[in-house]
Amino acid sequence: MKRLSLTALVLIAACQGAPASSADVALEEYSIDVSAPTLAAGTVELEVSNRGEFPHTLVVTDASGEVVSAGEIVPPSGTVSVKLDLAAGHYRFTCRIVSQDDSGNLVDHFEEGMVADVSVDT
């Protein structure tokens, strides 16, 4: 009985460690939360939701800083679906909006912490 339970636990752990082909991406002031920080190479589907009170966007860059995807502006409470073809490697998800606050100061969403690092494995 113990052997069967141990085998089941090993199989469950192996499945949980597998890269995902989809992820939920939550944008809000000033963070990006990715439900699966390790994705599978190939076609990846992202469900991008803005949980904040200001518009945000999702920009995906590869390890060299080249823009892979620059999504549309997502309004507060809005959601967009993004489908990407990603090779194995390291990617950065950011919001690159720069806005102005009520006092006239510029607010760079990226500099305020809207960044998440994501790995793509084969």
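If you're wondering where the values come from, they're calculated on a predicted model, not measured in any experiment.

## A few points about the nonpolar core
Core analysis: the biggest nonpolar cluster contains 25 residues, and Val25, Val34, Leu39, Leu46, Val48 and Phe93 have the highest contact counts within it. Taken together, the elements giving at least two residues each to this core come down to β1 (22-28), β2 (31-34), β4 (42-50), β7 (79-86), β8 (89-94) and β11 (115-121). In terms of residue count, the dominant contributor to this core is β7 (four residues). Once you skip the residues sitting within four places of it in the chain, Leu46 turns out to touch Ala23, Val25, Leu39, Leu58, Val80, Ser81, Val82, Leu84 and Phe93.

## Some details on the sheet that holds β2
The strand order across the open sheet formed by four strands is β2-β1-β4-β7, and the pairing between neighbours is mixed. Looking at the sheet topology across the chains shown, the edges are occupied by β2 and β7. Neighbour to neighbour, the strand axes of the sheet diverge by 25 degrees on average, direction disregarded. Both β1 and β4 contribute to a ladder of six bridges, which runs parallel. Note that in β4 the partner of Asp24 across the bridge is Glu47.

## Describing the pattern of salt bridges
Should their charged atoms come close, side chains of opposite charge can pair. According to the stated counting rule, one finds two salt bridges in the structure shown. In this structure, Glu45 and Lys83 form a salt bridge, with 4.0 Å as the shortest nitrogen-oxygen distance. Of this pair, Glu45 sits in strand β4 while Lys83 sits in strand β7; the two residues are 38 residues apart in sequence, bridging distant segments of the chain. By relative accessible area, which is 60% here, Lys83 ends up exposed.

## Concerning the pairing of β8
In this structure, strand β5 (residues 59-62) lies alongside β8, joined through four bridges in antiparallel fashion. In the strand pairing of β8, Asp62 is matched with Tyr91. Sheet analysis places β8 next to β11, joined by six bridges and oriented antiparallel. Paired with Tyr91 across the strands is Val118, a residue of β11.

## Considering the packing of aromatic side chains
Tallied over the entire structure, the rule returns zero aromatic pairs. The aromatic ring of Phe110 is capped on one face by Arg96, whose charged end is 4.1 Å from the ring centroid.

## Some words on the environment of Ala40
Relative to the helices and strands, Ala40 resides in strand β3 (residues 38-40). Ala40 sits 80 residues away from Val120 along the chain, and the two C-alpha atoms are 5.4 Å apart. Apart from the residues lying within four places of it in its own chain, the contact partners of Ala40 are Pro19, Ala20, Val120 and Asp121.

## Observations regarding the confidence of the model for the protein
Per-residue confidence for the protein averages 89 on the pLDDT scale, and 86% of its residues sit at or above 70. With pLDDT under 50 throughout, residues 4-14 is counted as low confidence; its partners more than four residues away or in other chains account for zero contacts.

Parameters at a glance
- Residues numbered from 1 in each chain as written.
- Predicted model: local features only at pLDDT ≥ 70, side-chain atom pairs only at ≥ 80, totals over all residues.
- Heavy atoms only, no water.
- Core = buried A, V, L, I, M, F, W, Y, C linked by side-chain atoms within 4.5 Å.
- Buried < 20%, exposed > 50% of the residue type's maximum accessible area, 1.4 Å probe, protein only.
- Helix = DSSP H or I, 4+ residues; strand = E, 2+ residues; numbered from the N terminus.
- Contact = heavy atoms within 4.5 Å.
- Pairing = 2+ DSSP bridges.
- Axes fitted to C-alpha atoms, helices over the stretch in contact; angles between N-to-C directions.
- Salt bridge = Lys/Arg side-chain N within 4 Å of Asp/Glu carboxyl O.
- Phe/Tyr/Trp six-rings, centres within 6.5 Å; stacked < 30°, edge-to-face > 60°.
- Lys NZ or Arg CZ within 6 Å of the ring centre and 35° of its normal.
- pLDDT = per-residue confidence, 0-100.

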